[in-house]
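Here's the letter readout for the chains.
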Amino acid sequence: MLSARVLALRCYRQAMLRSSLPAIGASGRWLSDGNITYSGGQATEGQGGYYGSGGARKIDNAGEHTQQMQMLALAADVQKITAVMGEVETLESLLESETKASNGEVTGKSIEIKANIKKLVTSPDFTESLNRLEIQGEPVWGLSSDERELIIDARTKVLES
């Protein structure tokens, strides 16, 4: 005959086993407590165990806000790029007229205009704004088609200088 202690230990083990396994509902489907479901197999063998334990299915939303901010176009950056590209366009038209006037020869004025263009497109404010308006070399979401083309043109100008 088994001692009372052995019987109590067996009852305890059975109760623990029942409480740790998922229950089968009336429809024959496995019931689950929230996100924790049992996959079968022995966890000690590296197969099976409980999903959700130890953060296996934890969804990290901490970086979601910063990622969304990176993808949305910032109005101030668009205005900065627009203003600088307007100045660059004006300087390029001056450079073109200077080149025509000097019959294609390099003059002091044309060198000065080229230097001003380079200074504008390589300024830290401009490049920082441009970097915020691009993700992996592409314009961010939320820009109009004209603004997207402007960002692509601005990057081209930076790379050319």
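One can find the structure itself at the top, above this paragraph.
Small disclaimer: the values here were computed from a predicted structure and weren't measured.

1. Description of the overall build of the chain
Looking only at helices and strands, the chain has six helices and four strands in total. N-terminal to C-terminal, the α/β element order of the chain is α-β-β-α-α-α-α-β-β-α. Within the chain, the fraction of its 161 residues that count as buried is 17%. Relative to all contacts within the chain whose residues are 6 or more apart in sequence, the contacts with residues 24 or more apart total 53%. As presented, the chain carries roughly 12200 Å² of accessible surface, and 54% of it is formed by carbon and sulfur atoms.

2. With respect to the side chain of Ser129
By secondary structure assignment, the location of Ser129 is in helix H5 (residues 124–132). Looking at Ser129, the relative accessible area reads 4%, which means it is buried. Dropping the residues within four chain positions of it, Ser129 is found in contact with Asp77, Lys80 and Ile81.

3. Things to note about the nonpolar core
What tends to happen in soluble globular proteins is that the nonpolar side chains get buried as a cluster. Formed by 19 residues in total, the largest nonpolar core has its most connected members in Ile81, Met85, Phe126, Leu130, Leu133, Ile151 and Ala154. When residues of this core are traced back to their parent elements, those giving at least two are helix H3 (75–101), helix H4 (108–121), H5 and helix H6 (145–160). No other element matches the seven residues that H3 contributes to this core. Every residue in contact with Phe126, bar those within four places of it in the chain, is listed here: Lys80, Ile81, Val84, Met85, Leu120, Val121, Ala154 and Val158.

4. Some thoughts on H5
For H5, the complete set of buried residues consists of Phe126, Ser129 and Leu130. Down the axis of H5, the sector holding all buried residues measures 100 degrees, keeping them to one side. The secondary structure elements touched by the buried residues of H5 are H3, H4, strand S3 (134–135) and H6.

5. With respect to unusual backbone geometry
In this model, Asn103 sits at a positive phi of 55 degrees, which is unusual for a non-glycine residue. Positionally, Asn103 belongs in the loop between H3 and H4. By relative accessible area, which is 71% here, Asn103 ends up exposed. Of note in the backbone geometry, Gln136 takes a positive phi value of approximately 55 degrees without being a glycine. Inspection of the secondary structure assignment puts Gln136 in the loop between S3 and strand S4 (138–139).

Analysis parameters
Residues numbered from 1 in each chain as written. Predicted model: local features only at pLDDT ≥ 70, side-chain atom pairs only at ≥ 80, totals over all residues. Heavy atoms only, no water. Helix = DSSP H or I, 4+ residues; strand = E, 2+ residues; numbered from the N terminus. Buried < 20%, exposed > 50% of the residue type's maximum accessible area, 1.4 Å probe, protein only. Contact = heavy atoms within 4.5 Å. Areas by Shrake-Rupley, 256 points an atom, 1.4 Å probe, with all protein chains shown as cover. Core = buried A, V, L, I, M, F, W, Y, C linked by side-chain atoms within 4.5 Å. Arc of directions from axis to C-beta.

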